[in-house]
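# An overview of the molecular structure
In case you want the letters, here they are:
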Amino acid sequence: MKNGIINFGIICLLLCSIFVKAQKPIYLDVNQPIEKRIENALSLMTLEEKVQMCHAQSKFSSKGVPRLGIPEVWTDDGPHGIREEVFWDKWSGAGWTNDSCTAFPALTCLAASFNPQMALIYGKAIGEEARYRNKTVLLGPGVNIYRTPLNGRNFEYMGEDPYLSSRMVVPYIQGVQQNGVAVCVKHFALNNQEENRMSINVKVSDRALREIYLPAFKAAVEEGKAWSIMGSYNQFRGEHCCHNDLLLNKILKTEWKFDGVVISDWGGVHNTDQSANNGLDLEMGTSTNGLTTNGTSSYSEYYLADPFLKGLKSGKYNEQLLNDKVSRILRLIFRTTMSADRPFGKFVSPEHSEAALKIAEEGIVLLKNEKQFFPIPVGKYQKIAVIGENATRSLVIGGGSSSLKVAYEVSPLQGLIKKYGKDHIIYSQGYISGKSEYGKEFSSDANVDSLINSAVEIARNADVVLFIGGLNKNHFQDAEGSDRKTLDLPFGQNKLISALLNVNKNVAVILCSGNAVSMPWINKIPAIVQNWYLGSEAGNAITNVLSGDINPSGKLPFSFPKKLDDNAALSFGQLSYPGDGTNEEYKEGILVGYRWFDTKKIAPLFAFGHGLSYTSFEYSKPVTNKTKYGKEESVKLIFSIKNIGKVKGAEVAQIYISDNKSTVIRPLKELKAFKKMNIEANQSRQVEISLPVKEWGFFNDKTQNWEVESGKYTILIGSSSADIRQRVSVQVN
Ligand code: GLC
């Protein structure tokens, strides 16, 4: 009997031990709550293993914990498509043959669609490509505000208005992250130029910081639930943004409750003490010592590598600082590579081409269209002259980190030939801009006059001339690492356009760019199209719009100034832009973009929110559900839009708010809602928009709170910021 009990006990013990062994460690159990998995993983890691997770091990990756089966973190650019593989320690492409991606339109084009549904489609598609390429983090989107028309990277961002950027970035994030890939919203914050970007110390008022430069990041974190954020290169009030206590600890992690990872821009870290204490979690770098030389170290010289480990061991840094960083990195891993139901992604799929096409078509902006120059139906003309290097030049390569190796790129010329037939299209390059090389300005000994003469010859007898030019991804154009030096079109394009006009009046200008340009020929050109950088489907999108298959519906996400010093930042001299080499003061404060033009009564060349259609729209008188509102209430605004033309089209109704009498300086109007409506010819559609009064406030830098003042407000309904169609006033108590 006794033996029987003992044997039974032994069997039970054996079974228990097998059971316990069979049970997975919590951190590996995808069904366990993430916070429990983090706690468990942390308890199993050594100090060295934790520190190794906080800095790069290669150009685009950081260590996991191989011993515990915790994977590495693999990041990759960029906002418009998944960058090709580069070498472990070099920026140059590694020559893989399976990494040619779909290029989606630049984010200025997405913003110009004024359609959050497009942002969701965009995020989902690019997220699938990042997932398929096994990336943990997509280094995008960028949401820095368009402060000047010279910033080399404006093409990567979503324009001058914080509300538009906020509404468009949230669905993009949701689309990407539903693929089990983290976004890395960049560049946080105040990285509004490339000139001196690694060190310029930005000084800006609390009001401008809160009302203009932070809202898109705040929406990305609080609504988009972004899993990582990229610190920017510049300084803000004397601290580099990659380790800035106010931005990262106080605002991002405490006020906004950000639970993700702060990743430095590459080589943006300059100090171990600040990196340890000021909210940086993962230091990425440009070379093995994080900054400049390709030393022999295996990244152990990074500020968050050996120097940090040494400080932890000496007690200089509390291990809690390290645990917070590693917890965030583990949370990112458990949300992505080690998540339960991570999708499988897709790469260069027909759906992605369809998405790229649709976003491009919705973002193209018809700026001017006299005498119904466009659309040009197939068959209308026998001889169409296509002039300009951007009709054939690849615009997805170059420009810095957003450069892409693509599976295909349909050029405007290819699209036009496909649509109108090669017998009706005659092409001439017209101007030359050389190779897009990072950091190298173009210089050419090409015979510019002969290029112009050949272009003039084919324009002379053409029925119509389509000039396809603009900027490109060259140094000092739309490119990372440099700002433009002028508002003018480069490479002698203005001279070429004048030469074309001398022989043919029927000339349209189609601008591929991510920035505003001056247009000295504007009064002689009957039709102008803002054509952005449209990616792989560029030629199909622009041709569908020019031929009338698609009715353009894009609106400008930033103003086009008539001349440089009409721009706010540029009208306050060097300290305001580009700064004195050390400091820069945003002297225009909250008056950025149309806020400036309205206040100073300066007429822009083309206004924020401007964009024509092949039809026209009429707005009915709006009504509100009440006339008096409390500050916690929302105004219900109702009006209708009628399509009074012959073709269906989409109109973006923009709703601006104006505080008629405020105790502080406020812009004349601020965008607080917009809605894109598809309306059949001769049809009318009702628009209902809810406007929360609490979003009408200003940031009071004395109380450090948002305030809505009582009094009369005017609600302006516009087809652009300069084309207000209806108004209605309400009282706020
Ligand atoms: C670059 C850019 C950043 C990019 C990163 C990696 O310097 O500023 O946007 O994601 O480095 O290429």
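Residues numbered from 1 in each chain as written. Predicted model: local features only at pLDDT ≥ 70, side-chain atom pairs only at ≥ 80, totals over all residues. Heavy atoms only, no water.

### What about the overall build of the chain?
Each helix and strand in the chain was counted, giving 18 helices and 28 strands. Relative to a compact globule of 733 residues, whose C-alpha radius of gyration would be 27 Å, the chain shows 27 Å and is just as compact. Projected onto the principal axes, the alpha-carbon positions of the chain cover approximately 110 × 65 × 60 Å. Relative to its full complement of 733 residues, the chain shows a buried share of 61%. Of the contacts formed within the chain by residues at least 6 apart in sequence, a portion of 75% connects residues at least 24 apart. Counting 84 positive and 76 negative side-chain charges, the chain places the centres of these two groups 4 Å from one another. (Helix = DSSP H or I, 4+ residues; strand = E, 2+ residues; numbered from the N terminus. Rg over C-alpha atoms; globule rule 2.2 N^0.38 Å. Buried < 20%, exposed > 50% of the residue type's maximum accessible area, 1.4 Å probe, protein only. Contact = heavy atoms within 4.5 Å. Lys, Arg positive; Asp, Glu negative; His and termini not counted. Charge placed at Lys NZ, Arg CZ, Asp CG, Glu CD.)

### Some remarks on the pairing of strand β23 (residues 670–679)
β23 sits mainly inside the fold: 8 of its 10 residues count as buried. Both strand β22 (residues 649–659) and β23 contribute to a ladder of 9 bridges, which runs antiparallel. The residue of β23 that forms the bridge with Gly649 is Ile679. (Pairing = 2+ DSSP bridges.)

### Some points on the state of the cysteines
Taken as a whole, this structure holds 0 disulfides when the rule is applied. Of all cysteine sulfurs in the structure, the one in Cys109 sits closest to Cys101, which takes part in no disulfide; the separation is 16 Å. Accessibility expressed as a relative area gives 0% for Cys101, which makes it buried. Cysteine Cys512 remains unbridged, with the sulfur of Cys109 as its closest cysteine sulfur at 11 Å. (Disulfide = S-S within 2.5 Å.)

### So, the domain arrangement of the chain
Domain annotation for the chain reports domain 1 (31–56 + 119–335) and domain 2 (617–732). Contact residues are listed per partner, giving 9 residues for domain 1 and 13 residues for domain 2. Of all residues in domain 1, Tyr163, Arg207 and Arg210 give up the largest surface area on contact with domain 2, accounting jointly for 58% of the area buried on that side. Taken together, domain 1 and domain 2 are joined by 0 salt bridges. At the level of elements, α6 (162–177) and α7 (206–213) are the ones that each hand at least two residues to the side of domain 1 that touches domain 2. (Domains from an automatic or database assignment. Buried area = accessible area lost by both parts, 1.4 Å probe. Salt bridge = Lys/Arg side-chain N within 4 Å of Asp/Glu carboxyl O.)

### Digging into the packing of helix α5 (residues 116–132) against helix α13 (residues 350–363)
Angle between the axes and distance between the axes are the two parameters that describe a pair of packed helices. It is the contact of α5 with α13, at a shortest axis distance of 10 Å, that shows an interaxial angle of 145 degrees. For α5 against α13, the interelement crossing comes out left-handed. Side by side, α5 and α13 meet where Met118, Ile121, Tyr122, Ala125, Glu128 and Glu129 of the first sit next to His352, Ala355, Lys358, Ile359 and Glu362 of the second. Across the contact of α5 with α13, the residue classes tally to 6 nonpolar, 1 polar and 4 charged. (Axes fitted to C-alpha atoms, helices over the stretch in contact; angles between N-to-C directions. Left-handed = near helix turned anticlockwise from the far one by under 90°. Nonpolar A, V, L, I, M, F, W, Y, C, P; charged D, E, K, R; others polar.)

### Comments concerning helix α9 (residues 245–255)
Inspection of α9 places Leu247, Leu248, Asn249, Ile251, Leu252 and Lys253 among the buried residues, and these make up the whole buried set. Near the N-terminus of α9, the side chain that reaches the backbone nitrogen of Leu246, with its oxygen 3.2 Å away, is that of Asn244. (Polar contact = N/O pair within 3.5 Å; in protein donor to acceptor, adjacent residues only side chain to side chain.)

### Observations regarding the packing of aromatic side chains
Within the structure shown, the criterion is met by 28 aromatic pairs. Between Phe60 and Trp91 the ring centres are 5.6 Å apart and the planes differ by 75 degrees, which places this aromatic pair in the edge-to-face class. In this pair, Phe60 sits in the loop between α3 (47–52) and β1 (61–62) while Trp91 sits in the loop between β2 (73–76) and α4 (107–112), placing the two residues 31 residues apart along the sequence. On the basis of relative accessible area, Phe60 is assigned to the buried category, the value being 5%. Their ring planes at 65 degrees and their centres at 5.0 Å tell us that Phe188 and Phe217 sit as a pair that is edge-to-face. Of the two residues, Phe188 sits in strand β5 (residues 185–188) while Phe217 sits in helix α8 (residues 215–222), which places them 29 residues apart along the sequence. There is no split in this pair, since Phe188 and Phe217 are both buried. Put simply, the rings of Phe114, Tyr163, Tyr594, Phe608, Tyr656 and Phe674 touch in pairs and so form one group of aromatic residues. (Phe/Tyr/Trp six-rings, centres within 6.5 Å; stacked < 30°, edge-to-face > 60°.)

### Some words on the site of the ligand
The local shell around the ligand holds 15 residues, among which Asp77, Arg153, His187, Tyr233 and Asp265 are the closest. A distance of 3.5 Å separates an oxygen atom of the ligand from a polar side-chain atom of Arg83. Side-chain polar atom of Arg153 to an oxygen atom of the ligand: 2.8 Å apart, as the coordinates give it. Coverage of the ligand by the protein chains reaches 97% of its 310 Å² of free accessible surface. Here the shell around the ligand is composed, by residue class, of 6 nonpolar, 2 polar and 7 charged. (Near = heavy atom within 4 Å. Areas by Shrake-Rupley, 256 points an atom, 1.4 Å probe, with all protein chains shown as cover.)

### Focus: the sheet that holds strand β9 (residues 239–240)
In space, the 4 strands of this open sheet follow the order β9-β8-β6-β17, with mixed pairing throughout. If you trace the sheet from one side to the other, it starts and ends with β9 and β17 (583–585), each paired once. Across 3 bridges, the pairing between strand β6 (residues 201–203) and β17 is parallel. From the neighbouring strand, Val202 faces β17, where its bridge partner is Glu584.

### Some remarks on the sheet that holds strand β4 (residues 182–183)
Pairing between the strands of a sheet is mediated by backbone hydrogen bonds and can be parallel or antiparallel. Read across the sheet, 4 strands follow the order β1-β2-β3-β4 without closing on themselves; strand pairing throughout is mixed. With one partner strand each, in any of the chains shown, β1 and β4 form the two edges of the open sheet. Pairing analysis gives 2 bridges linking β1 to β2, with the strands arranged antiparallel. Opposite Ser61, over in β2, you have Trp74 as the bridge partner.

### Here we look at the side chain of Thr543
Along the polypeptide, Thr543 turns up in helix α17 (residues 538–547). Among residues more than four places away in sequence, those in contact with Thr543 are Pro412, Gly415, Leu416, Lys419 and Tyr420.

### Considerations on the nonpolar core
Membership of the largest hydrophobic core comes to 117 residues, with the highest contact counts inside it found for Ile70, Leu110, Phe188 and Leu330. Shared between two domains, this core holds at least three residues of each, these being domain 1 (31–56 + 119–335) and domain 2 (617–732). With residues up to four places along the chain from it excluded, the contact list for Leu330 reads Ile38, Ala41, Leu42, Met45, Met53 and Ile70. (Core = buried A, V, L, I, M, F, W, Y, C linked by side-chain atoms within 4.5 Å.)

### Comments concerning the pattern of salt bridges
Throughout the structure, instances matching the rule amount to 50 salt bridges. Between Glu49 and Arg67 there is a salt bridge; the shortest N-O distance is 2.8 Å. Note that Glu49 is positioned in helix α3 and Arg67 in the loop between β1 and β2, a separation of 18 residues in sequence.

### A look at the pairing of strand β11 (residues 365–369)
Most of β11 is tucked away: 5 of the 5 residues are buried. Bridge count for β11 against strand β16 (residues 527–530) is 4 bridges, and the pairing is antiparallel. Bridged to Val365 within β16 is Gln530.

### Things to note about unusual backbone geometry
Cis geometry is found at the peptide bond from Asp77 to Gly78, where omega equals -10 degrees. Within the secondary structure, Gly78 sits in the loop between β2 and α4. Cis geometry is adopted by the peptide bond preceding His187, which originates at Lys186 and carries an omega value of -5 degrees. On the secondary structure map, His187 appears in strand β5. Unusually for a residue other than glycine, Lys225 sits at a positive phi of about 55 degrees. Following the sequence through the fold, Lys225 ends up in the loop between α8 and β7 (228–231).

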